[in-house]
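Spelled out from the first residue to the last, the chains are:
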Amino acid sequence: MTRARPPVVVVGGGVAGLTTALALAPTPVRLLCRAHDGSGTASALAQGGIAAALDPSDSPAMHALDTLTAGAHHNNAAMVQWLCSQAPAAIGWLQAQGVAFDRNADGHLHLGREGGHLAARIVHAGGDASGVALVQALRQRAQQSSHIQWRGDMDVDGLLLRGDAVCGVCTHDTRGHRHEMEAAAVVLATGGIGALYARTSNPPGADGSGLALGMSAGARTRDLEFVQFHPTALNVAGVHCLPLITEALRGAGARLYGATGQLLMADQHPLGDLAPRDVVARRVWQACRDDGSAWLDAREVDGEWERRFPTVLAACLAEGIDPRLQPIPVTPVAHFHMGGIAADADGRTGVPGLYAVGEVACSGVHGANRLASNSLLEGVLCGQRLGLMLATMDLRAASSGPYRWVGRAASLPQSRLEALRMLLWQTAGPEREATGLQNALKACLAWADEGWQARLAQRVLEAALSRTHSLGAHYRTDAVMPA
Ligand SMILES: Cc1cc2nc3c(=O)[nH]c(=O)nc-3n(C[C@H](O)[C@H](O)[C@H](O)COP(=O)(O)OP(=O)(O)OC[C@H]3O[C@@H](n4cnc5c(N)ncnc54)[C@H](O)[C@@H]3O)c2cc1C
């Protein structure tokens, strides 16, 4: 008797997971994530928007060039060309899903400017609430789609393996019940690792658990040392996950100042305050370290804060800071992981049955440093590509027979986790050098049996140690020149 084919399991309810699940239609999909309402995704926090060459004076080739320049040409050039050429179509697809992007008075899409872009090409929604608009629209579509069965209360902590092939997942629901689910294929769309750092713009769940899962099943990783630090989050003492202060504010004229009122980006880079993120983040990091503070003065930004920057305005006001009247205290934060599970253009990981998409994957499109507003784009386009591929693949009924499971294993105790976050922040942050990295690695090795986060951090540190020169977001103060 033929066994019924199990569904494709997609782990993650951010832009990458939602798009993959939608593109899989009519293949049955089980979408698993930790919160139904989109909270806990980096996608919903996105402020700036999504990059696409839409202006007549712009072109996909120019977008690609900016992407390669930001990525220090460490990118997979073919992926970059593809991503940038497909970007306008991605905007059209998102509009068809119900995303209402902001428009000018003449009815054309408003195109913002962000660091590293030589043209205005950032499409946004709800001012700086782009991520919420995207996630809401895609979530609504997914909820209306009969091929998607959604569980928003699941922490996936293991993968089922038959031989070397992934054939399902193990999860715990919010009531602590354990489930094993067979799958025709498993897609990891679990986001990044920012929450492994003491200061991050990411949500607390962006802890690399999907990356750790992939590693436990034998998936290869790539470029783990490349972590992007955003130059400007609201500097609130003692808070782990900090509100982002969008780069679009600098695009609209805000300037960075040091503690004594000096312009931080003067003479640092031809693009000044809109220099690539790694350059600006290091300058802000140095100012915070040497002088105790850095400030973003956005008082000159033209009015209509409620319409253009409602998220930033609300976050600042909640801390008693009115950005219309006073400078904003800022700090760099861990923001985006360029590295991840090594995946090809279609999301294949090399482990049969296991696919990766979005921030958890490393297809090489971002190189050594992501160009601003290219990651929602990656989530949409790579999610569509993977979903369409899986929908047309012959996903045969999983062979019967026993399976085993591999998992992340125990989490570090809270105090140890906080120590690990601080260690990564201080040694594998915007500036790195061998002694600090080696000491951090020793600590992680000592903690390796206590929790999976230490083993994951170990891999990031090893990658950072082995790249002895600076490249993109990986900046070694003790750099030796590449041979
Ligand atoms: C504050 C902020 C602003 C940003 N602004 C922009 C921007 O303007 N433009 C841009 O292009 N990019 C931006 N980015 C980056 C971009 O938002 C992310 O890279 C992108 O949204 C990642 O999408 P994703 O679907 O891969 O992951 P996420 O959106 O993070 O979703 C991950 C999903 O996986 C689930 N998950 C994780 N682990 C498990 C597990 N073990 N079990 C079950 N579920 C799990 C989570 O619950 C979540 O649903 C920003 C990021 C941040 C943090």
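Note that the structure is predicted; figures quoted are calculated from it, not measured. Residue positions are given per chain, counted from 1 along the sequence in the order it is written. Under the rules for a predicted model, residues below a pLDDT of 70 receive no local features and side-chain atom pairs below 80 are neither given nor counted, while totals for whole chains, interfaces and linings still include all residues. Calculated side-chain values reflect all of the structure's heavy atoms, with hydrogen atoms and water omitted.

A. Inspection of the overall build of the protein at higher detail. On a plain count of helices and strands, the protein comes out with 13 helices and 19 strands. Both definitions apply: the radius of gyration is a C-alpha atom measure, and the globule rule equals 2.2 Å times residues to the power 0.38. For 483 residues, the compact-globule estimate of 2.2 N^0.38 gives 23 Å, and the protein sits close to it at 22 Å. Here the protein holds 483 residues, and 60% of them are scored as buried. On the protein, roughly 18400 Å² of surface is accessible, and the fraction owed to carbon and sulfur atoms is 53%. Within this scheme the basic residues Lys and Arg register as positive and the acidic residues Asp and Glu register as negative, but His and the chain ends are omitted. Charged groups are reduced to one reference atom each: NZ for lysine, CZ for arginine, CG for aspartic acid, CD for glutamic acid. Put simply, the protein has 40 plus and 43 minus side-chain charges, and the middle of one group is 6 Å from the middle of the other. Under the scheme used here, helices are H or I runs from DSSP no shorter than 4 residues and strands are E runs no shorter than 2 residues, and both carry numbers assigned from the N terminus. For every residue, the accessible area (1.4 Å probe, protein chains only) is compared with the maximum for its type, and the residue is labelled buried under 20%, exposed over 50%, or partly exposed between those bounds. Throughout, the Shrake-Rupley method with a 1.4 Å probe supplies accessible areas, and for residues the shown protein chains are the sole cover considered.

B. Focus on the nonpolar core. In plain words, nonpolar cores are sets of buried Ala, Val, Leu, Ile, Met, Phe, Trp, Tyr and Cys residues tied together by side-chain atoms within 4.5 Å. Ranked by size, the top nonpolar core spans 58 residues in total, and within it Leu159, Val169, Val186, Tyr197, Leu354 and Leu420 carry the most contacts. Element by element, the count of residues in this core is highest for helix H13 (residues 452–466), at nine residues. Residue contacts are defined here by distance: any two heavy atoms, one from each residue, within 4.5 Å place the two residues in contact. For leucine 354, the contacting residues outside a window of four places in its chain are Leu159, Val166, Val186, Leu188, Gly214, Ala217, Ala219, Gly347, Arg348 and Thr349. Val8, Ile91, Leu94 and Tyr355 belong to the second-largest nonpolar core, a separate cluster that totals 55 residues.

C. Main features of the site of the ligand. The ligand sits among 36 residues. The nearest are Ser43, Gly49, Glu359, Ser375 and Leu376. Polar contacts here mean pairs of N or O atoms no more than 3.5 Å apart (in protein, one a potential hydrogen donor and the other a potential acceptor; neighbouring residues in sequence count only if both atoms are side-chain atoms). Separating an oxygen atom of the ligand from a backbone N or O atom of glycine 48 is a distance of 2.8 Å. The side chain of arginine 370 places a nitrogen or oxygen atom 3.2 Å from a nitrogen atom of the ligand. Protein burial of the ligand: of its 1000 Å² of free accessible surface, 97% is covered by the chains. When contributions to the shell around the ligand are tallied by element, the ones reaching two or more residues are helix H1 (15–23), strand E7 (154–162), strand E15 (328–337) and helix H10 (375–392). Amino acid classes used here: Ala, Val, Leu, Ile, Met, Phe, Trp, Tyr, Cys and Pro are nonpolar; Asp, Glu, Lys and Arg are charged; the rest, including Gly, are polar. Of the residues assigned to the shell around the ligand, the class counts are 13 nonpolar, 18 polar and five charged. Near residues are defined by distance, with any heavy atom within 4 Å of the molecule or strand qualifying the residue.

D. Region of the structure containing helix H7 (residues 277–291). For H7, which comprises 15 residues, the first-to-last C-alpha distance of 21 Å matches the rise-based estimate of 21 Å (1.5 Å per residue) to within 8%. Most of H7 is tucked away: eleven of the 15 residues are buried. When H7 is considered as a whole, its buried residues turn out to be Arg277, Asp278, Val279, Val280, Ala281, Arg282, Arg283, Val284, Trp285, Ala287 and Cys288. Phi turns positive, to about 90°, at glycine 292, one or two residues after H7. A helix is expected to span 1.5 Å multiplied by its residue count minus one.

E. Layout of the sheet that holds strand E19 (residues 404–407). Here a strand pair is declared whenever DSSP counts at least two bridges between the two strands. A sheet is described by the order of its strands in space; here four strands give the open sequence E9-E8-E7-E19, paired in antiparallel fashion. Only two strands of the sheet have a single neighbouring strand rather than two, namely strand E9 (178–182) and E19. Direction aside, the axes of adjacent strands within the sheet are offset by 35° on average. As paired elements, E7 and E19 share four bridges and run antiparallel to each other. Across the sheet, the residue bridging to leucine 161 is arginine 404, located in E19. Angles run from 0 to 180 degrees between N-to-C directions of axes, and those axes are lines fitted to C-alpha atoms, restricted for helices to the stretch in contact.

F. Focus on the domain arrangement of the protein. Here the limits of each domain have been adopted from an automatic or database domain assignment. Domain annotation for the protein reports domain 1 (8–225 + 338–405), domain 2 (229–334) and domain 3 (410–466). On the domain 3 side, the residues contacting the ten residues of domain 2 number seven residues. When two components associate, each loses some accessible surface as probed by a 1.4 Å sphere; the sum of these losses over both components is called the buried area. A buried area of about 740 Å², summed over both sides, lies between domain 2 and domain 3, and 68% of it is on carbon and sulfur atoms. Three residues stand out in domain 2 for area buried against domain 3, namely Phe229, His240 and Trp285, and they jointly supply 69% of the buried area on that side. A carboxyl oxygen of Asp or Glu within 4 Å of a side-chain nitrogen of Lys or Arg is what we treat as a salt bridge. Our enumeration of links across domain 2 and domain 3 arrives at one salt bridge. Between arginine 289 and glutamate 431 there is a salt bridge whose closest N-O contact spans 2.9 Å. Where domain 2 meets domain 3, there are two residue pairs in polar contact (both at pLDDT 80 or more). Elements with a contribution of two residues or more to the side of domain 2 that touches domain 3: H7 and E15. Considering only residue class, the side of domain 2 that touches domain 3 consists of five nonpolar, three polar and two charged.

G. Structural detail: the pairing of strand E6 (residues 148–151). Only one face of E6 is buried, namely the one carrying Ile148 and Trp150, since none of Gln149 and Arg151 on the opposite face is buried. Sheet topology places strand E2 (residues 29–32) next to E6; four bridges connect them, and they run parallel. The residue bridging leucine 31 from the neighbouring strand is tryptophan 150, located in E6.

H. Representation of the packing of helix H11 (residues 414–427) against helix H12 (residues 434–447). Orientation of H11 relative to H12, taken along the N-to-C sense of each, is 160°, at an axis distance of 9 Å. Our classification of the angle between H11 and H12 gives roughly antiparallel. In this structure, H11 meets H12 at a crossing whose hand is left-handed. Where H11 abuts H12, its residues Arg416, Ala419, Leu420, Leu423 and Thr427 lie against Gly436, Leu437, Ala440, Ala443, Cys444 and Trp447. Its residues assigned to classes, the contact of H11 with H12 comprises eight nonpolar, two polar and one charged. Roughly parallel means an angle under 35 degrees; roughly antiparallel means over 145; roughly perpendicular covers 65 to 115; every other angle is labelled oblique. Should the near helix be turned anticlockwise from the far one by less than a right angle, the crossing is left-handed, and should it be turned clockwise, the crossing is right-handed.

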